[in-house]
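Structural features, examined
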Amino acid sequence: MNVAAVKSLLSALHQLSSQHISGNSQLSGQQIGSIAFSVERMTSILVNNLHRVESIWDQIAAHHLELANCPNPQLRNMALDSLDHSICSVVGSEKFQGISSAPHPLKEYQLVEESETRSFEYAVLSPLVILYSSNKNIDVQMGALKILLHVLERHGEKLSYSWPSILHMLRAVADASEKDVISLGFQSVRVIMNEGLATIPVQCLDECILVTGAYGAQKTDINISLTAAGLLWTATDFIVKGLSGRSVQKANHLNEEVQLGVSTEEGDIPTSEEGVKRNPLQQLVDYNKLFFSVFSVLQKLGADDRPEVRNSAVRTLFQTLCTHGQKLSLSMWEDCLWIYVFPMLEHVSHLASTSSKDEWHGKELGTRAGKAVHMLIHHSRNTAQKQWDETIVLLLGGIARLLRSFFPLLQQLSKFSSGWAILLAFLKNSILNGSKEVALAAINCLQTFVSSNCPKGNLESSFVKSVLDIYELVLQTSPNYKSDSADKVKQEVLRGLGDLYVQAQSLFNDDMYLRLMAVMHLMIKSSMNSSDYDSELGSIPAVQRGILEIIPMLRPTTMLSSMWSPLLLELLCYLNGEESPLHRNSKEIREQNSDALANGTKRSSVEQGHINGTGTKGDTVVGCGWGILFIEKLVPIMVNLFLEAPPNERCSASPQVIQGLGRCMNTRRDNPRGTLWRVSAECFNRVVTDEVRQENAECGSDMNSYRLSRARFWKEVADVYETFLVGSCGRVLSSDVPSADSATADESLEMTVLTVFGDSVLKLQKEAPVEVLQRLVNCLDRCASRTGSLPIQTVGLLPLHCSRFSLGCLQMMFSLCSCILKTSSYPAVSETSKVSISILTKRCEVILGQFLADENDLGDRPLPSVRIEETVCVLQELARLILDIETANALNIPLYLKDALRENQSHGRAHLLSLLPTFSELVVSREPRVRELVQVLLRLISSELGLQRLT
């Protein structure tokens, strides 16, 4: 059949169908059957005449539109189903195959055909646009959208000229009020964004992005909005691939020019303006414009009043930058930051600050007992402001990712300085004025920036100073503000400070280090509040925990070796409860502090006065407000730092360290069950052992300063032993009976202190002044005299650990006098022996004399075992003791005896000669062991004098 005959047949079928259509929606079955017959035949004719479909399409489309506008729902559904089949058949036919954009310019005769093709493509899809826009019936609108979805799913790659009308239609759907209509329209958008971006004409790509943004902004279905944000990420992936491909194509084109020796002008690029005019579908894709279109949409969605939508937009925006940032040019980076990112920061911050703080009630679920039951909302999200804060947290997280990945690149931007200032101001404001979550996110942003760039060498000292400025200002602004949130923020700032110093040590100079110390000093002062402590529960406040965490990080580097002394002295000032040792004019510092606060630009030099020893009277009680638990943790940290310090710095600080430890050890008298004195005693043993072994050459060239410092050191050591060893060890300090384990541990620690005192201090010392040696040995003597000094009536009541400690001290004195000890520092050891021997012999004489007196007083009654054990110990040790010549010369015996002993080289038992009168009285003792030991000693004396029995 020719075209005229086909048209006549279609007209007849149209007439058959139309005569049964009436204004009444009620039709008989026969009428509906006739209409269905006409529609089926028309569809069949269309399918069999696809090769000449342009001539008959208008008749078929018009009849379908007529039926779709009928009031009868059955006819409408029939029309929509037939139209779906018809459009899909036409678009899927081979005739439609050549309509898509050709890759090459068209010839003159082809342009005429293309114009006709363009008109026909509009005609094929125009019924869908007409049905949606003109028909207000929801079913018809949804039917049109379903047909469009089918076309896009099956044959979307064949469409070219109808895309503007399709996108315009889908854009209108986004403004609909019916959820189902929007959902159906969005399905088409998903198909386009996921599968059709590569085939859409380039001039429609921008509109496609805007349509997706419209679905993100619609308020009917939040899930559609969230999915739309995800589709924008798909779009950026497509755009960036285009950017990369364009860069490769441009590079290849330039390489060809170089090889051919041809200079190509801009107009000679293969896709020229003339070619675009000849083929409108073939245009250069402006990927930059598309990229910014996506960012513009995300920026708008980032200010949406629905938290989920704006948070998704923020994540997508920063994920795009972080994933594809390396492929963006510097100019694109500047536009991204100054047109989209920074304005978004400002706008979101403004919306958050002006949002409501009123608590929300959850969705009403029903009623119970006449009262409404609402869904519970977590306290962190129950106000508008809290949900805006969540968005700011995401923004800060995105900025942290940018700084971590692209900071070297960002530094190349022409506006970097101003952008850096804007960012620092935003971070500062977030920490000072934001909620706890916002403040912590801002601090984490700074920490991420420092930790990711410092190890790579990407930071200059100016950046480190700017971060330090923020931390300093935050801690200076409200040092006395107390709350759980504020403590958490301060704790994170402190960690940030420690991390800043650890990561950027090479960039710190003395001034920056002192500023760091000043901030720490400020935090320590601000936490001096006894109401914060919960010692009974064994906990330490959060801020103090933060301080304890960063102090070990502050060990000065080799370049900052001069800072060891300020660090150690500052810690000691808290430990001792004293003012910092280096003095300045405190009035001047307070005036500087006041002026800086008035100007809003308080400088760290104000607080540096505290580092350098400038403080008010309030500073002298720093150690009083800390709490025992904190001091217990601080002592080993301070000692570890001290032992790591260079020898010359240790030399100057050692007297104060010993003094501070001694004060802590003395807390035993007031709190014998406490832990502080135990920790301090252990640390004292470590320090004094290490210090005694220090060589003179290790402490610098200034011998006068060294000698002065060592003299102070030995004085403090003597003070500690006199106070702790004599006043606290081997004594009953509390009426409460301690547990067996506790008593054993205390006694073990006392004996350890005694061992270190004798073996590591007195025996290994090389430079202790004689008067200090006398004080130290007198300490041992005083401890050894406790048992012997008690009257016979009470000595038996002495606890066993007390008598054991007293005997231990006595045995240590014998050990000091023995010549068996040979070390590299023999002259110093000999000096100790000479000081000890005279004190020891006097003590032995007193003990033995007391034994004789007690034995005479008691008569036949037995002596207390304590007294007997002490006397036996003295006699045994005297028998074992061997003196060297210098020690023997220090004995209080006649000079002729000394000369004779020296000539005969029999000085080893000279101490027995000085006690011979006492031994003579002990030979009649009623105690068998005493008599036997005295006989042994007398034989030793005889042997020493070279006397033998006559028979």
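Residues numbered from 1 in each chain as written. Predicted model: local features only at pLDDT ≥ 70, side-chain atom pairs only at ≥ 80, totals over all residues. Heavy atoms only, no water.

1. Digging into the overall build of the protein chain
Using the following cut-off: Helix and strand definitions follow DSSP, with helices as H or I runs of at least four residues and strands as E runs of at least two, each counted in order from the N terminus. Burial classes follow relative accessibility: with a 1.4 Å probe on protein chains only, a residue under 20% of its type's maximum area counts as buried, one over 50% as exposed, and anything between as partly exposed. Note on definitions: a residue-residue contact is assigned when non-hydrogen atoms from the two residues lie within 4.5 Å. Only the protein chains shown count as covering a residue, and every accessible area follows the Shrake-Rupley method with a 1.4 Å probe.
Each helix and strand counted, the protein chain has 39 helices and two strands in total. Every one of the 951 residues in the protein chain was classed for burial, and the buried ones make up 50%. Taking contacts inside the protein chain between residues at least 6 apart in sequence as the whole, the part at least 24 apart equals 77%. With an accessible surface of roughly 43600 Å², the protein chain has 51% of that area assigned to carbon and sulfur atoms.

2. Description of empty space enclosed by the protein
Basically, it comes down to this: Using a 1 Å grid laid over the protein atoms alone, points where a 1.4 Å probe fits but cannot get out form a cavity; open sets with protein on both sides within 12 Å along at least 5 of 7 lines form a pocket; any residue with an atom within 4 Å of a point counts as lining. Grid points are joined across faces, edges and corners, and a volume is the space filled by probe spheres set on the points. Side-chain classes follow a simple rule in which Ala, Val, Leu, Ile, Met, Phe, Trp, Tyr, Cys and Pro form the nonpolar group, Asp, Glu, Lys and Arg form the charged group, and the remainder, Gly included, forms the polar group.
Under the definition given, this model contains five cavities of 30 Å³ or more. Estimated volume of the largest cavity: approximately 170 Å³. Taken together, 13 residues line the largest cavity, and the ones lying closest to its centre are Leu337, Phe342, Leu403, Leu410 and Leu423. Elements with a minimum of two residues in the lining of the largest cavity: α14 (330–354), α15 (384–410) and α16 (416–433). The biggest single contributor to the lining of the largest cavity is α14, with five residues. Taken together, the residues that form the lining of the largest cavity break down as 12 nonpolar, one polar and no charged.

3. Quick word on the packing of helix α6 (residues 138–155) against helix α7 (residues 163–173)
Selection rule: The convention used is that axes are lines fitted to C-alpha atoms, helices contributing only their stretch in contact, and that angles between N-to-C directions extend from 0 to 180 degrees. For classification purposes, an angle smaller than 35 degrees is called roughly parallel, one larger than 145 roughly antiparallel, one from 65 to 115 roughly perpendicular, and anything else oblique. In this scheme the crossing of two helices becomes right-handed for a clockwise turn of the near helix relative to the far one and left-handed for an anticlockwise turn of less than a right angle.
Their axes nearest at 12 Å, the elements α6 and α7 cross at an angle of 135 degrees. In terms of orientation, α6 and α7 fall into the oblique class. Seen along the crossing, α6 lies across α7 with a hand that is left-handed. Residues Ala144, Leu145, Leu148 and Leu152 of α6 form the contact with α7, whose participating residues are Trp163, Ile166, Met169, Leu170 and Val173. Of the residues belonging to the contact of α6 with α7, the class tally is nine nonpolar, no polar and no charged.

4. A word on the packing of aromatic side chains
Worth spelling out the cut-off: Centre distance within 6.5 Å is the pairing criterion for rings of Phe, Tyr and Trp, where only the six-membered ring of Trp is used; planes under 30 degrees apart are then read as stacked, over 60 as edge-to-face, and the remainder as tilted. In this analysis the charged atom, NZ for Lys or CZ for Arg, is taken to sit over a ring once it is within 6 Å of the ring centre and within 35 degrees of the ring normal.
In total, this model carries 21 aromatic pairs according to the counting rule given. Taking the centre distance of 5.4 Å and the plane angle of 40 degrees together, the rings of Phe186 and Tyr215 count as tilted. One end of the pair, Phe186, is in helix α8 (residues 179–196); the other, Tyr215, is in helix α9 (residues 202–217), with 29 residues separating them in the sequence. As far as the burial class goes, Phe186 and Tyr215 line up, both buried. On the numbers, 5.9 Å between centres and 75 degrees between planes, the contact of Phe295 with Tyr340 is edge-to-face. Here Phe295, found in helix α12 (residues 287–301), pairs with Tyr340, found in helix α14; they are 45 residues apart in sequence, far enough to count as distant. Considered together, Phe295 and Tyr340 belong to a single accessibility category, that of buried residues. Feature note: the residues Phe407, Phe416, Trp420, Phe449 and Phe463 constitute an aromatic cluster, connected by ring pairs. We note Arg310 situated over the ring of Trp388; from NZ or CZ to the ring centre the distance is 3.6 Å. Positioned above the aromatic ring of Phe713, the side-chain terminus of Arg710 is 4.6 Å from the ring centre.

5. A few points about the nonpolar core
The test is simple: Side-chain atoms within 4.5 Å link the members of a nonpolar core, which is a set of buried Ala, Val, Leu, Ile, Met, Phe, Trp, Tyr and Cys residues.
Counting 280 residues, the largest nonpolar core has Trp57, Ile87, Tyr215, Trp333, Val635, Tyr721 and Phe919 as the members making the most contacts within it. Once residues within four sequence positions are removed from consideration, Tyr215 is found in contact with Leu170, Val173, Ala174, Ile182, Gly185, Phe186, Val189, Ile224, Ser225 and Ala228.

6. Quick look at the packing of helix α4 (residues 73–91) against α6
At a closest axis distance of 10 Å, the pairing of α4 and α6 adopts a crossing angle of 20 degrees. In terms of orientation, α4 lies roughly parallel with respect to α6. Considering the relative orientation of α4 and α6, their crossing is right-handed. The segment α4 lies against α6, with Arg76, Leu80, Leu83, Asp84, Ile87, Cys88 and Val91 engaging Asp139, Val140, Gly143, Ala144, Ile147, His150, Val151, Arg154 and His155.

7. Quick look at helix α21 (residues 542–550)
With seven of nine residues buried, α21 is to be regarded as a mostly interior element. Here α21 has its buried residues at Ala542, Val543, Gln544, Gly546, Ile547, Leu548 and Ile550.

8. Quick word on the pattern of salt bridges
Filter applied, for reference: Put simply, a salt bridge is a Lys or Arg side-chain nitrogen that is within 4 Å of an Asp or Glu carboxyl oxygen.
Tallying each qualifying case throughout the model produces 28 salt bridges. Taking the shortest distance from any N to any O, the salt bridge between Glu549 and Arg495 comes out at 2.8 Å. Highlighted residues: Glu549 in helix α21 and Arg495 in helix α19 (residues 484–503), separated in sequence by 54 residues. For Arg929, the salt bridge goes to Glu927, with nearest N and O atoms at 3.8 Å. Take Arg929: its relative accessible area is 36%, and that puts it in the partly exposed class. One network of salt bridges, in which partners are shared, links Arg650, Asp690, Glu691, Arg710 and Glu767.

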